[in-house]
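This is what each chain is made of:
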Amino acid sequence: MKKITYHNLLKNQVNFYNDVINISDYIKRNDFYHNEINNYELALAIVQESYKKKLDPYLVVAIMDVESDFRADSESIKGAKGLMQIKDDTARYIAVKENIKVSTRRINDLLINVKLGISYYSYLLKKFDGNHKYALIAYNIGVNKVYSLMTLKINLPKSYYNKVKDRYNFITKLYQKVPLNI
């Protein structure tokens, strides 16, 4: 177990702060504007929730960017909503699983949408034993579809995975962060 020292604690706080600043900058570069929340508050929520779930916040931002292009009012043909593109049934499932008190009417609330999306991705990552490729594909097409294709030995679609991976690599390079091997 890693010994907690003042130096490590300070380093973690600096990393947290730098991640918030970098992500706030990236969100601003993408012309995100919402009258309820500013870039910094959104970045803070992304980093806090990502750290809680032991996820790389830059990967979460890449998912968000690909899913909604930072359009908070985004809604897909299939009913996925908000920045993280969460469907009502997925939101209900994750809310119960994570003990998050929320009604489906509030899925578009920015902070709730981020929390649910991050919780959902964390759930998928656990479900697929830490395999980001499978988790990302499942985020896009659904868990049951991934299992079905795997059972039938049909190649999984990689388009979405490649988009997120490319965006993630771009963001980490932009902010001189070492990317995960996803």
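Asks: How do you make sense of the overall build of the protein chain when you look at a structure like this?
Replies: When its secondary structure is counted, the protein chain shows 8 helices and 0 strands. Projected onto its principal axes, the C-alpha positions of the protein chain cover 50 × 40 × 30 Å. The buried share among the 182 residues of the protein chain stands at 46%. Of all intrachain contacts in the protein chain linking residues separated by at least 6 positions in sequence, the fraction that spans at least 24 positions is 52%. Separation of charge centres in the protein chain, based on 29 positive and 18 negative side chains, amounts to 8 Å.

Asks: I tried to follow the layout of surface pockets on my own but got confused; where do I start?
Replies: Here the idea is plain: a probe the size of a water molecule rolls over the atoms and shows the empty space left. Empty space within the largest pocket amounts to approximately 620 Å³. If you go around the largest pocket, you meet 21 residues; those closest to its centre are Lys87, Tyr139, Asn140, Ile141 and Gly142. Residue assignment for the lining of the largest pocket shows that the elements contributing at least two residues are α4 (88-98), α5 (110-127), α6 (132-141) and α7 (143-151). In terms of residues, the lining of the largest pocket owes the most to one element, α6, which gives 4 residues.

Asks: I keep staring at the packing of α5 against α6 and nothing clicks. Help me out?
Replies: When two helices pack together, you describe them by how their axes are tilted relative to each other and by the distance separating the axes. Contact pair α5 / α6: the axes reach a minimum separation of 8 Å and the direction vectors enclose 130°. Classed by the angle they form, the pair α5 and α6 counts as oblique. For α5 against α6, the interelement crossing comes out right-handed. Facing α5, whose interface residues are Gly117, Tyr120, Tyr121, Leu124 and Leu125, α6 presents His132, Ala135, Leu136, Ala138 and Tyr139. In terms of residue class, the contact of α5 with α6 is made up of 8 nonpolar, 2 polar and no charged.

Asks: Is there a simple way to explain the confidence of the model for the protein chain in this structure?
Replies: Regions with low pLDDT should not have their predicted coordinates read in detail. Counting all residues, the mean pLDDT for the protein chain is 91, and 93% of those residues have values of 70 or more. In the model of the protein chain, helix α1 (residues 6-29) stands out as the element of lowest mean pLDDT, 85, in contrast to helix α8 (residues 159-174), which has the highest, 98.

Asks: Explain a nonpolar patch on the surface to me, please; I cannot follow it from the model alone.
Replies: On the surface, Tyr17, Ile21 and Tyr40 cluster together to form a nonpolar patch covering roughly 290 Å² of accessible area. Summarising the element assignment, Tyr17 is placed in helix α1. Overall, the relative accessible area of 47% leaves Tyr17 in the partly exposed class.

Asks: Before we go on, may I ask you to explain the side chain of Ser122 in this structure?
Replies: Along the chain, Ser122 falls in helix α5. Excluding anything up to four places from it in sequence, Ser122 contacts Lys53 and Leu55.

Asks: What am I meant to see in the packing of helix α2 (residues 39-52) against helix α3 (residues 57-68) here?
Replies: Closest axis-to-axis distance for the α2/α3 pair is 9 Å, and the angle between their directions is 120°. The orientation of α2 relative to α3 falls into the category oblique. Note that α2 runs across α3; the crossing there is right-handed. Where α2 abuts α3, its residues Ile46, Val47, Ser50 and Tyr51 lie against Pro57, Val60, Val61 and Met64. Tallied by class, the residues present in the contact of α2 with α3 amount to 7 nonpolar, 1 polar and no charged.

Asks: Sorry, what's going on with the nonpolar core here?
Replies: Nonpolar side chains in soluble globular proteins tend to be buried together. Counting residues in each nonpolar core, the largest one holds 55 residues, and the members touching the most others are Phe32, Ile46, Ile63, Tyr121, Leu124 and Tyr139. When residues of this core are traced back to their parent elements, those giving at least two are α1, α2, α3, α4, α5, α6, α7 and α8. Element by element, the count of residues in this core is highest for α5, at 10 residues. Dropping the residues within four chain positions of it, Tyr121 is found in contact with Leu55, Leu59, Ile63, His132, Ala135, Leu136 and Tyr139.

Rules behind the numbers
- Each chain has its residues counted from 1, running along the sequence as written.
- pLDDT decides what is reported in this predicted model: residues at 70 or higher carry local features, side-chain atom pairs at 80 or more are listed and counted, and totals for whole chains, interfaces and linings draw on all residues regardless.
- Excluding hydrogens and water, the side-chain values take into account all heavy atoms of the structure.
- Here a strand is any run of E in DSSP of at least two residues, a helix any run of H or I of at least four, and the numbering for each starts at the N terminus.
- The buried label applies to any residue whose accessible area, calculated with a 1.4 Å probe on protein chains only, is under 20% of its type's maximum; exposed applies above 50%, and partly exposed to all values in between.
- Any two residues having at least one pair of non-hydrogen atoms within 4.5 Å are treated as being in contact.
- This count recognises Lys and Arg as positive and Asp and Glu as negative, with His and chain-terminal groups excluded.
- One atom stands in for each charge, and that atom is NZ of Lys, CZ of Arg, CG of Asp or CD of Glu.
- Throughout, the protein atoms alone are placed on a 1 Å grid, and a set of points is a cavity if a 1.4 Å probe fits but cannot get out or a pocket if it is open with protein on both sides within 12 Å along at least five of seven lines; lining residues have an atom within 4 Å of a point.
- Grid points are joined across faces, edges and corners, and a volume is the space filled by probe spheres set on the points.
- Lines fitted to C-alpha atoms define the axes, with helix axes restricted to the stretch in contact, and inter-axis angles between N-to-C directions lie between 0 and 180 degrees.
- Orientation is classified from the angle alone, with under 35 degrees giving roughly parallel, over 145 giving roughly antiparallel, 65 to 115 giving roughly perpendicular, and any other angle giving oblique.
- Crossing chirality is assigned from the near helix's rotation relative to the far helix, an anticlockwise turn below a right angle marking it left-handed and a clockwise turn marking it right-handed.
- Polar here means any residue outside two lists: the nonpolar Ala, Val, Leu, Ile, Met, Phe, Trp, Tyr, Cys and Pro, and the charged Asp, Glu, Lys and Arg; Gly therefore counts as polar.
- Every residue gets a pLDDT, meaning the predictor's confidence in that residue, from 0 to 100.
- Residues with no salt bridge and a relative accessible area higher than 30% make up the patches, which join like charges within 9 Å and nonpolar side chains (Val, Leu, Ile, Met, Phe, Trp, Tyr) within 5 Å.
- Each accessible area is a Shrake-Rupley estimate made with a 1.4 Å probe; only the visible protein chains count as cover when residues are assessed.
- Counted as salt bridges are all cases of a side-chain nitrogen of Lys or Arg within 4 Å of a carboxyl oxygen of Asp or Glu.
- For this analysis, a nonpolar core means a set of buried residues of the types Ala, Val, Leu, Ile, Met, Phe, Trp, Tyr and Cys, connected via side-chain atoms within 4.5 Å.

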